[in-house]
Amino acid sequence: MYFSIITCTYRNFRRVRIMVSVPSKNIWMRQQQCPCGDWKCFVTYEGDNEETTATSQLEKNEHSSSDAMVAPYVGMVFKSDEDAFEYYANFARKNGFSIRKERSRLSPQLGIYKRDFVCYRSGFAPARKKPSGEHHRDRKSVRCGCDAKMYLSKEIVDGVSQWFVVQFSNVHNHELLEDDQVRLLPAYRKIHEADQERILLLSKAGFPIHRIVKVLESERGIQGGQLPFLERDVRNFVQNRKKVVQENDALLTEKRENDTMELLEACRTSKEGDPYFVYDVVVDENDKVENIAWSYGNSIDAFAMFGDVVYFDATYRSITYGMHFGAWLGIDNHGRIVFFCCALLQDETPRSFSWALQTFVRFMKGRSPQTILTDLDPRVREAIRSELPNTKHVISIWNILPKLSCWFSLMLGPKYEEFRTEFDALYQLDSSEDFEFQWNQIITQYGLSADRHIALLFSLRMSWALSYTKGCFLARMATAAYLRSVDTFLKDIFSAQTCLRSFFEQVGIFSSLKIQSHEKMQYMHIRTCLPMEEHAQGVLTPFAFNILQHELALAMQYAVSEMPNGSFLVRHFKKIDGEHLVIWIPEDEQILCSCKEFESSGILCRHAIHVLLIKNYFQIPGKYFPSRWQREHALFHYDESIQSTNHEWLQEFQSLTATLFTESSITKERSDYVHRELRKEL
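Because the structure is predicted, anything quoted here is derived from the model rather than measured. (Residues numbered from 1 in each chain as written. Predicted model: local features only at pLDDT ≥ 70, side-chain atom pairs only at ≥ 80, totals over all residues. Heavy atoms only, no water.)

Asker: Mind showing me how you'd approach the overall build of the chain here?
Answerer: Helix and strand counts for the chain come out as 24 helices and 17 strands. Every one of the 682 residues in the chain was classed for burial, and the buried ones make up 47%. Residue pairs at least 24 apart in sequence account for 63% of intrachain contacts in the chain once pairs closer than 6 positions are excluded. For the chain, the exposed surface amounts to about 35,000 Å²; the carbon and sulfur share of it is 51%. (Helix = DSSP H or I, 4+ residues; strand = E, 2+ residues; numbered from the N terminus. Buried < 20%, exposed > 50% of the residue type's maximum accessible area, 1.4 Å probe, protein only. Contact = heavy atoms within 4.5 Å. Areas by Shrake-Rupley, 256 points an atom, 1.4 Å probe, with all protein chains shown as cover.)

Asker: Can you walk me through the sheet that holds strand 16 (residues 579–585) in this structure?
Answerer: In a beta sheet, neighbouring strands are held together by backbone hydrogen bonds and run either parallel or antiparallel to one another. Ordered by their spatial adjacency, 4 strands build an open sheet running 14-15-16-17, and the pairing between neighbours is antiparallel. Taken across any chain shown, the strands that pair with only one partner, and hence form the sheet edges, are strand 14 (558–562) and strand 17 (590–593). Between one strand axis and the next, the sheet turns through 25 degrees on average, direction left out of account. In this sheet, strand 16 lies alongside strand 15 (residues 568–572) in antiparallel orientation, the contact comprising 4 bridges. Counted as the bridge partner of V570 is H580 from strand 16. (Pairing = 2+ DSSP bridges. Axes fitted to C-alpha atoms, helices over the stretch in contact; angles between N-to-C directions.)

Asker: Hey, could you run me through the environment of A327 in this one?
Answerer: Relative to the helices and strands, A327 resides in strand 10 (residues 323–331). Spatially, the C-alpha atoms of A327 and A343 are 6.5 Å apart, while their sequence positions differ by 16 residues. Dropping the residues within four chain positions of it, A327 is found in contact with Y311, F312, D313, C341, C342 and L490.

Asker: What should I look at first to understand the nonpolar core in this one?
Answerer: The nonpolar side chains of a soluble globular protein tend to be buried with one another. Formed by 74 residues in total, the largest nonpolar core has its most connected members in W294, L344 and L548. When near neighbours in sequence (up to four residues on either side) are disregarded, L548 contacts A536, L540, I603, L604, I609, I620 and F625. If you look at the next biggest cluster of nonpolar residues, it comprises 30 residues, including F423, Y446, L448 and A465. (Core = buried A, V, L, I, M, F, W, Y, C linked by side-chain atoms within 4.5 Å.)

Asker: Before we go on, may I ask you to explain the state of the cysteines in this structure?
Answerer: Formally, a disulfide is one covalent bond, and it connects the sulfur atom of one cysteine to the sulfur atom of another. Evaluated as defined, the whole model comprises 0 disulfides. Looking at the unpaired C144, the closest cysteine sulfur is the one in C146, lying at 5.8 Å. Of all cysteine sulfurs in the structure, the one in C119 sits closest to C146, which takes part in no disulfide; the separation is 3.9 Å. For C146, a relative accessible area of 3% gives the class buried. (Disulfide = S-S within 2.5 Å.)

Asker: Would you explain helix 10 (residues 401–412) in this entry?
Answerer: Helical periodicity: at 3.6 residues per turn, an α-helix aligns residues three or four positions apart in one direction. The first and last C-alpha atoms of helix 10 sit 16 Å apart over 12 residues, in line with the 16 Å expected at 1.5 Å per residue. Of all the residues in helix 10, the buried ones are L401, K403, L404, W407, F408 and L412. Each buried residue of helix 10 lies within a common arc of 135 degrees when the element is viewed along its axis, so the set occupies one face. The inward-facing, buried residues of helix 10 contact helix 11 (416–427) and helix 13 (452–459). Following helix 10 by one or two positions, G413 adopts a phi angle in the positive range, close to 60 degrees. (Expected span 1.5 Å × (residues − 1). Arc of directions from axis to C-beta.)

Asker: What should I look at first to understand the pairing of strand 4 (residues 111–119) in this one?
Answerer: On a regular strand, each side chain points to the face opposite its neighbour's, so the side chains alternate between the two faces of the sheet. The pairing of strand 3 (residues 99–107) with strand 4 spans 7 bridges and is classified as antiparallel. In the strand pairing of strand 4, S107 is matched with G111. Pairing of strand 4 with strand 5 (residues 149–157) involves 5 bridges; the strand directions are antiparallel. The partner of V118 across the bridge, within strand 5, is K149.

Asker: What is the right way to read the sheet that holds strand 4 from this model?
Answerer: Here we have 5 strands laid out as an open sheet, ordered 2-6-5-4-3, and antiparallel in their pairing. At either margin of the open sheet sits one strand with a lone partner, and together these are strand 2 (77–78) and strand 3. Looking at chain direction, strand 2 and strand 6 (residues 160–169) are connected through 2 bridges and run antiparallel. Bridge pairing in strand 6 links F78 to W163. Contacts between helix 2 (residues 81–94) and the sheet are confined to strand 2, strand 3, strand 4, strand 5 and strand 6, with strand 3 contributing the most and set at about 160 degrees to the helix.

Asker: When you look at a nonpolar patch on the surface in this model, what are you seeing that I'm missing?
Answerer: Taken together, the side chains of L581, I583 and L592 present a nonpolar region at the surface, about 210 Å² in accessible area. As for its placement among the helices and strands, I583 is situated in strand 16. (Patch = residues over 30% accessible without salt bridge, like charges linked within 9 Å, V, L, I, M, F, W, Y side chains within 5 Å. Salt bridge = Lys/Arg side-chain N within 4 Å of Asp/Glu carboxyl O.)

Asker: Before we go on, may I ask you to explain unusual backbone geometry in this structure?
Answerer: Among all residues save glycine, negative phi is the norm, and among peptide bonds the norm is trans. One non-glycine residue, E589, lies in the positive phi region at around 50 degrees. On the accessibility criterion, E589 (33% relative accessible area) is partly exposed.

Asker: So what exactly am I meant to see when it comes to the packing of aromatic side chains here?
Answerer: How two aromatic rings sit relative to each other is given by the distance of their centres and the angle of their planes. Evaluated as defined, the whole model comprises 35 aromatic pairs. Ring centres of Y316 and F494 lie 4.9 Å apart, and the angle between their planes is 50 degrees; this geometry places the pair in the tilted category. With Y316 in strand 9 (residues 309–318) and F494 in helix 16 (residues 480–494), this pair connects stretches of sequence that are 178 residues apart. Relative to F419, the ring of Y416 has its centre 6.4 Å away and its plane inclined at 35 degrees; by these criteria the two rings are tilted. Here F419 and Y416 lie together in helix 11, a separation of 3 residues that amounts to about one turn. Per residue, the accessibility class of Y416 equals that of F419, and both read buried. The rings of W407, F408, Y416, F419, F423, F435, W439, Y446, F458, W464 and Y468 are connected pair by pair, giving a single aromatic cluster. Of note, K101 hangs over the ring of F85, and the distance from its end group to the ring centre comes to 5.0 Å. Across from the ring centre of W629, 4.7 Å away, lies the NZ or CZ of R628, which sits over that ring. (Phe/Tyr/Trp six-rings, centres within 6.5 Å; stacked < 30°, edge-to-face > 60°. Lys NZ or Arg CZ within 6 Å of the ring centre and 35° of its normal.)

Asker: Looking at this structure, how should I read the environment of S153?
Answerer: Within the fold, S153 resides in strand 5. Classification of S153 by relative accessible area gives buried; the value is 10%. Through-space distance from the C-alpha of S153 to that of I112 is 9.1 Å; in sequence the pair is 41 residues apart. For S153, the contacting residues outside a window of four places in its chain are Y113, K114, Q162, W163, F164 and V166.

Laid out in structure tokens, this is it:
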């Protein structure tokens with residue numbers, strides 16, 4: 001799932017952590033700045049940023065693992081000396097002390113073959129000579145000659161190196177610490193990357209160190225002194241980081257400029273080799289790249305077929321280059337991610353987003369999507385309003401729900417779970433009047449009238465509340481499953497990048513639809529034995545068929561009452577989801593349902609299906625099989641000259657391949673057989 005953040009930065013000033021030289025890895029990080037506009041406010045993403053909860057999780061893991069830990073003993077075996085050190089360190093923390101690495105021995109044959117790990121109070125501090133005339137603080141050493149230790153020796157067993165414990169002692173000549181004291185030992189006081197970013201941002205804004213500590217405590221909802229580091233650790237971190245940034249900023253600027261020019265050269269080379277490749281770039285008055293966007297011929301073709309709904313993700317930024325990544329993605333008829341276009345932007349202003357959207361539409365030959373899905377960002381909304389006035393802007397509820405905990409859990413305390421339940425019910429309301437009435441009641445009940453996040457949500461309600469977005473075509477993209485697949489797709493692109501050119505190459509690889517051809521085959525088993533189901537099996541892709549099949553199965557659980565005007569009231573036999581009005585117009589074979597599922601997903605709903613069944617329909621009317629979900633609607637291009645001279649052959653070929661696909665997708669055995677035989681022939 002989610003990639004590790006190896007270094008940190010802060011957005012407004014684009015400073016990068018550099019210890020000796022410019023970092024060789026291009027590091028991508030998901031934005032933590034809250035869309036409410038308050039620079040002091042940030043959000044965490046559930047499961048995304050491991051470092052956000054690293055401290056508490058680390059402590060939980062250490063305590064839970066050490067509860068059942070066995071004390072080291074002579075003869076204990078480890079795969080490496082680092083594994084041994086980690087084990088001993090966890091044991092030490094559980095038992096009230098910390099450890100350090102002492103001596104090691106080296107041989108030409110084995111390399112390092114002996115390691116000594118000792119208690120942090122082992123040995124004695126050497127006496128220091130004080131220069132005359134100068135005043136030095138007389139710091140008392142913590143070392144007191146403690147003999148607690150673990151010595152290791154490396155041996156080669158069956159060609160594999162192993163580390164054995166050869167000496168162990170857990171006898172201390174000093175008092176061991178309690179849990180609330182041991183966490184403050186230097187070995188355990190760590191400022192994790194998520195906290196580093198906040199500290200640097202607050203420091204740059206002028207916050208004094210003690211106020212930064214108070215802000216971090218407040219954001220975590222903990223009492224004073226409960227952070228996993230001390231105020232002086234924060235002070236030292238800020239001072240050291242400022243020195244490092246100043247020393248390396250010139251090198252980093254040069255690297256950014258060189259790598260950006262390499263990226264631009266890669267785009268030019270791609271254009272020369274592929275006339276269908278497109279790119280555009282914006283430079284400043286010094287000819288330095290500000291924004292750059294590119295797309296591929298197969299991506300533009302994909303948009304022509306599956307560009308009715310687009311997901312625009314602009315939540316990631318490169319720490320190394322200080323640039324923001326935007327990607328336009330879709331979904332094909334098999335439910336797979338489709339890549340359309342991407343851009344690197346210098347900032348997240350409406351101006352930059354407007355340029356990106358203009359460029360995207362131009363790349364797609366002037367075609368705009370019917371619907372565009374985005375994260376919760378007013379700047380993106382402003383750009384969409386300006387550049388895509390005829391496109392419906394939708395914010396998936398799954399982009400909102402993870403943020404609610406960051407915004408309201410600390411404020412509401414034990415009432416938060418009740419608030420979440422009421423918020424979920426509010427989202428499901430059908431009527432906009434009911435939504436606004438219930439909204440006012442909820443914010444009054446929980447005292448949220450002046451909250452900026454509530455104001456943000458309400459200002460964007462027409463893009464996320466179901467009562468406003470119901471009936472917008474979303475092609476099954478406003479789901480948790482789709483957003484998870486997007487996240488995985490992007491993180492695969494961001495993995496192991498060393499420079500912008502390699503990033504460009506990685507995007508090219510992952511934009512190709514060929515990479516998805518090895519996905520697990522979806523089988524289409526008949527469940528209801530209805531003629532309607534068998535007919536749909538031959539028309540729809542497995543992805544769409546499985547969704548329709550689910551609706552077919554549930555249609556059996558509904559009762560129908562015909563109204564005097566010819567419409568129908570359809571309700572579940574347990575009245576779980578209330579009743580829905582279905583209008584049937586036989587002259588046009590048109591069927592409409594108040595749930596608007598077909599308008600939203602392109603798949604007919606259970607309520608409409610039930611009415612068709614009682615009207616003795618054995619097949620769903622063809623107009624309710626949108627081409628985007630049909631198996632023939634695929635990214636398979638023919639040469640036009642071949643089409644004109646061999647039209648009959650192409651029709652026969654399509655018919656044969658469609659039949660082969662249908663028959664082979666019924667069971668895994670059939671699929672394996674066809675795959676095996678085709679490989680023999682090819």
